[in-house]
Amino acid sequence: MLSIKNLHASVEGTPILRGINLEVKAGEVHAIMGPNGSGKSTLASVLAGREEYEVTEGEVIFQGKELLEMAPEDRAREGVFLAFQYPVEIPGVSSTNFLRTALNQVREYRGQEPLDAVKFLTLMKEKMKLVEIDQKLLSRSLNEGFSGGEKKRNEIFQMAMLEPTLSILDETDSGLDIDALRIVSNGVNKLKSDKTATIVVTHYQRLLDYIVPDFVHVLYKGRIVKSGTKDLALELEEKGYDWIKEEVDSATAV
Amino acid sequence: MSTLTKQDTFQSLLDSASSSFAPIRTQAKETYLTQGLPALKEEEYKFTSIAKKLESKIQEFKSALPFAVSKEDIESVLFEGFDGDVLVFSNGKYLPELSTSPEGITVSSLSQAENTPLGSIAKPEKDAFSALNLASFSDGLFISVPKKQKVEKPILLISFNQANSGQVIQPRVWIEAGDFSEVTFIDHSISQTEDPYFVNKVVEIKGGLNSHVNYYRLQNESKNAIEVSNIHTDIFQDSRFTSVNLSLSGDMVRNNLTLNLLGSNSEGNMYGVYLLNGKTHVDNHTNVDHTIPHAESNELYKGILADQSRGVFNGKIFVRQDAQKTNAFQQNNNILLSEDAIVNTKPQLEIWADDVKCSHGCTVGQLDEEALFYLKARGIDKNTATGLLLYAFAGEVLEKIEEESFRSYAISLIQERLGSKF
């Protein structure tokens, strides 16, 4: 489904990603872990099309198409979804109006009929249950005055509405208490299928107790330096990142 | 020296002034001749050189005479869902035969209401254009809402403007809302052609004890329309006045809005949106005068500027020594969509009392890139996303319009503009 080859990206001339290679197949869950500043969020942002990142080398093929050639809105329409680490508050734009606009533009791109108000509300109610989000929140301006947990739940709710093929969760667990973490993870798990894939970007192993990965990759200095199963995450939880840093740094020093 | 700063530019207008209100006119003429038009460097008109603009665009400094307006003309500008009375003007002249008669309200031309103390609220010595209007306006409109009269339906003032025999149009309106009365006005001007003209408008409003007056205004004239307006309001104890001013088009527009809070527990609200493109220049000068204790004023103006447009905001708030316990709030926010658009914004607070709550703030910025990316990352195209964000920005002001049909119309006009190429 997703094939990342030798991806290099930089911000204002500073290289952050230095040759990422990753294959993600339908039905898989990949966790990207790594110490702070290793490039985890940059990878998520580059895939979603954030403009401040400049891709200097490499390619990303998503379902046979060059992802990096597409505008952010087209990536979303093709089925890529980024759950933001810091969802943006947008005063004056109602959550409902925003979602309906988004969903209908996505549907139009996919050759589907736009949803009328009634069908849209029915769908919304159904998906709201998945993430236990209160209707009152959705009648407010988008994310405005939401707590941290509410914002993250709203991200997963939007994911449920847009039905992406590839979901990228960027530190969705950060700042969540255990209850919120469980609700958010449940939502993600219910949305998984053998036709979709999930990339979970996280600093901590905790989230992976709930969203169980098939593969765990460790990112360090802009490269994937170690890959393994979920046991790797447990090992990292226990031993920290230092042993990996040492391994990599001594290897490059030779 | 520009010829227009000389007093004789409008000489023929002054010479041919109507004989009504003769003593008031004579005095105003003297005031005008002493002052002359604002010179280029005059502080009050520093960013908006009307004199220079008039010199380049206006050839005939004579009154544009009233022209025929048809019923179809009127129907074509009535917005959907509007249910109220319509007062029609042609080049500033009130046309009773095409207007409806609002129930229980006195409406006449000013020449039939010669006892009206014109110039007592919009004082001619405060502004040269106001003096010029008082000295040389042709005729205008007098409206009086009796005591305790609650006017249920809005009153729409439609001004059709067109330069034919001359290019100067000087509307003048006097509104008095009696004690405990309630009334809503919608002031909408229409350019019949694209020919340049100069509108010099004065509206005086007096809100009696416990009165509620709304004055909504839509400025969406041709790209060649030059306009100076002076809207001055006196409100008394327990009364409320709300102005919402929407400027969407024009060549150069200057709005002087003055609110005198003359009784305690009175509330004055001044709101505005300017949504500009091309080379349109809109200048809002507002002036709130707190003269007594326990009054409140709220002010919020928002600007969206594209292309080479220019916006000016100047908000004066005076809190006199006696005006203790005043609450005065002012805010002006601007979004610039192009590198060539310009905004000059200036809050100006003079506070003489020591127990008051006043705040002010102004911002000038670009569209929030992070918000834009968030919307795009959900599949919304750039134009729609931009429109959504800009509409949300302006929407805070539009919500202040209480009259439903006008609010919907204003929203649709603005959404249409924001949704298109802008």
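Residues numbered from 1 in each chain as written. Chains lettered and ligands numbered in written order. Predicted model: local features only at pLDDT ≥ 70, side-chain atom pairs only at ≥ 80, totals over all residues.

(A) Representation of the sheet that holds strand 4 (residues 53-62) of chain A in the model. Read from one edge of the open sheet, 4 strands run 2-1-4-5 (chain A), paired in antiparallel fashion. The sheet terminates laterally at strand 2 (14-24) and strand 5 (65-66) of chain A, the two strands that pair on one side only. (Pairing = 2+ DSSP bridges. Helix = DSSP H or I, 4+ residues; strand = E, 2+ residues; numbered from the N terminus.)

(B) Fine view of the packing of helix 6 (residues 148-162) of chain A against helix 7 (residues 178-191) of chain A. Residues and elements named next belong to chain A. For the pair helix 6 and helix 7, interaxial distance at closest approach is 10 Å and the crossing angle is 10°. Regarding the angle of helix 6 to helix 7, the classification is roughly parallel. Seen from helix 6, the contacting residues are Gly 149, Lys 152, Arg 153, Ile 156, Met 159 and Ala 160; seen from helix 7, they are Ala 180, Ile 183, Val 184, Gly 187, Val 188 and Leu 191. Residues that form the contact of helix 6 with helix 7 fall into these classes: 8 nonpolar, 2 polar and 2 charged. (Axes fitted to C-alpha atoms, helices over the stretch in contact; angles between N-to-C directions. Parallel < 35°, antiparallel > 145°, perpendicular 65-115°, else oblique. Contact = placed C-beta atoms within 7 Å. Nonpolar A, V, L, I, M, F, W, Y, C, P; charged D, E, K, R; others polar.)

(C) Spotlight on the interface of chain A and chain B. Taken together, the 19 residues of chain A in the interface contact 16 residues of chain B. Where the side of chain A that touches chain B is concerned, the elements lending two or more residues are helix 2 (72-78), strand 7 (90-94), helix 3 (95-109) and helix 6 of chain A. Its residues assigned to classes, the side of chain A that touches chain B shows 12 nonpolar, 4 polar and 3 charged.

(D) Looking closely at the pairing of strand 12 (residues 223-228) of chain A. All names here are of chain A. Taken together, the 5 bridges between strand 11 (residues 215-220) and strand 12 define a ladder with antiparallel strand orientation. Looking at strand 12, one finds that His 217 is bridged to Ser 227. Between strand 11 and the antiparallel strand that follows it, strand 12, lie 2 residues; Lys 221 among them carries a positive phi value of about 50°.

(E) Looking closely at the UniProt feature "domain: ABC transporter" (unreviewed entry) in chain A. What UniProt calls "domain: ABC transporter" (unreviewed entry) maps, in this numbering, to residues 2-246 of chain A. The distance separating the terminal C-alpha atoms of residues 2-246 of chain A is 30 Å; by composition the span is 40% helix and 29% strand. (UniProt positions renumbered as here; feature names shortened; annotations may be inferred.)

(F) Looking closely at the nonpolar core. Of all hydrophobic cores here, the largest spans 181 residues; its most connected members are Leu 47 and Ile 168 of chain A together with Ala 394 of chain B. No other element matches helix 7 (residues 382-398) of chain B, which puts 9 residues into this core. In terms of domain composition, this core takes at least three residues from each of domain 1 (11-262) and domain 2 (367-422) of chain B. (Core = buried A, V, L, I, M, F, W, Y, C linked by C-beta atoms within 7 Å. Buried ≥ 20, exposed ≤ 12 C-beta atoms within 10 Å, placed from the backbone. Domains from an automatic or database assignment.)

(G) Structural view of the domain arrangement of chain B. Residue and element names in this part refer to chain B. If you check the domain split of chain B, you get domain 1 (11-262) and domain 2 (367-422). Just the C-alpha atoms count here: the centres of domain 1 and domain 2 sit 30 Å apart. Counting residues per element, the ones that place at least two in the side of domain 1 that touches domain 2 are strand 8 (182-191), strand 10 (212-220) and strand 12 (240-249). Top element by residues in the side of domain 1 that touches domain 2 is strand 12. It accounts for 4 residues.

(H) Molecular detail of the packing of helix 2 (residues 22-35) of chain B against helix 5 (residues 128-136) of chain B. All names here are of chain B. Contact pair helix 2 / helix 5: the axes reach a minimum separation of 8 Å and the direction vectors enclose 145°. Between helix 2 and helix 5 lies a crossing of left-handed hand. Residues Ile 24, Arg 25, Ala 28, Lys 29, Thr 31, Tyr 32 and Gln 35 of helix 2 lie in contact with helix 5, whose contacting residues are Ala 128, Ala 131, Leu 132, Leu 134 and Ala 135. (Left-handed = near helix turned anticlockwise from the far one by under 90°.)

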